[in-house]
Amino acid sequence: MTTDPRKAAIIGCGAVGASIAFRFLQQGLFSKLVLVDVNRAKAEGEAMDLSDGLPYGSAMEISAGDYDDLADCFLVVITAGANQKPGETRLDLIGKNTAILKSILTEINARGFQGILLIVSNPVDVLTYAAWKLSGCPRGRVIGSGTVLDTARLKQLLGEELAVDSRNIHAFIIGEHGDSELAVWSGANVSGIDLDQFCQLRGGVDNCHLDQLYRRVRDSAYEIIRRKGATYYGIAMAVGRIAQCLVRDEHSVLPVSVVLEGQYGLEGLALSIPSVVGRNGLEEVLEIPLNGEERQALEDSARQMKEAIESLDL
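Residues numbered from 1 in each chain as written. Predicted model: local features only at pLDDT ≥ 70, side-chain atom pairs only at ≥ 80, totals over all residues. Heavy atoms only, no water.

Caption draft 1: Up close: helix α5 (residues 148-162). Taking 1.5 Å per residue as the helical rise, α5 with its 15 residues ought to reach 21 Å, and the 21 Å between its terminal C-alpha atoms agrees with that figure. Among all positions of α5, only V148, L149, D150, T151, R153, L154, L157, L158, G159 and L162 are buried. Looking one or two residues past α5, A163 carries a phi angle of roughly 55°, positive in sign. (Helix = DSSP H or I, 4+ residues; strand = E, 2+ residues; numbered from the N terminus. Expected span 1.5 Å × (residues − 1). Buried < 20%, exposed > 50% of the residue type's maximum accessible area, 1.4 Å probe, protein only.)

Here is the structure:
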């Protein structure tokens, strides 16, 4: 079945799924949006609520649906799963959310889906790899939201610290979307000016302070969950950015979660790595320069992801 380039679906209508739907409504990327949830009434309620805002947004058809409605979607976003609770890591969710993912993909596979799968549920790197294995989709059509949000957090904090527009900061968080993620300081710059040099220009921010910023990024979800119970606005913005790259065929570089096939000497897992993203999904995984400490941190992160994946029955 051919895909409709203007049709998307979101599976899971909790706070994350609903926030992503609201972001899609704001962006006007799609003309049809289908909401699917195990609680059909919840999906219907979200569709009704979102539709009330259509006169002030873009022309769009928003409806609750089921798996039969997904067959011709260009993009299916999977957010369904157990939420991270205070004190839990993302990896604590592996067993529950892998089982949920299996049940979802069984339904999707039965419909001959030919579009792009975007995994948002956590632990996103493990589930991205599981989705690729279980769906049978080509590697390029299964991506995860990865560290797109973490990278945004890093840019925002750096922007505040250096008193500069965060959109002028070019830096990545890579590896696991979780506790073993790392900041690639060696390649960071502000509008082409090396980060170390720019820090000196703006007040001498030292490496110790940069490490504190990294830790704030890494622990950000824990702090938000402790205060309000869940995170959803930031990830909605991140997923909207990924969707924009896909729909508009931007060939943009984003640190999405991708299945590795030898890049950085790694395979048999998915990690969040800067990659070129366009209408066909993943176009190319980029092996960005890393210093020795960063490469070791990436290998350590990869080892943890491999151990998590090996614990699953895929």
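Caption draft 2: Structural view of the sheet that holds strand β11 (residues 193-194). Reading across the sheet, the 3 strands line up as β7-β10-β11 and stay open at both edges, with antiparallel pairing between neighbours. The outermost strands of the open sheet, each flanked by one partner alone, are β7 (169-170) and β11. Pairing geometry for strand β10 (residues 189-190) and β11, over 2 bridges, is antiparallel. In the sheet register, V190 faces β11, and the bridge partner there is I193. (Pairing = 2+ DSSP bridges.)

Caption draft 3: Structural context of the nonpolar core. One finds F24, F30, L35 and L75 to be the most contacted residues of the largest nonpolar core, which totals 66 residues. The element contributing the most residues to this core is helix α9 (residues 233-247), with 9 residues. With residues near it in sequence (within four places) discarded, L75 still touches K7, A8, A9, F24, F30, I116, L118, A243 and L246. (Core = buried A, V, L, I, M, F, W, Y, C linked by side-chain atoms within 4.5 Å. Contact = heavy atoms within 4.5 Å.)

Caption draft 4: Structural context of the layout of surface pockets. The calculated volume of the largest pocket comes to roughly 940 Å³. Along its surface, the largest pocket is lined by 40 residues, and V148, T151, A152, R153 and K155 are the ones closest to its centre. Of all the elements in the fold, those that place two or more residues in the lining of the largest pocket are α1 (15-27), α5, β7, α8 (220-228), α9 and β12 (252-261). In this structure, the second largest pocket is lined by 17 residues; those nearest its centre are A183, W185, D211, E293 and E294. Elements with a contribution of two residues or more to the lining of the second largest pocket: β9 (182-183), α6 (195-201), α7 (207-218) and α10 (292-310). Considering each element in turn, the lining of the second largest pocket owes the most residues, 4 residues, to α7. When grouped by side-chain class, the residues that make up the lining of the second largest pocket number 8 nonpolar, 3 polar and 6 charged. (1 Å grid on protein atoms, 1.4 Å probe; cavity = no way out; pocket = protein on both sides within 12 Å on 5 of 7 lines; lining within 4 Å. Points joined across faces, edges and corners; volume = space filled by probe spheres on them. Nonpolar A, V, L, I, M, F, W, Y, C, P; charged D, E, K, R; others polar.)

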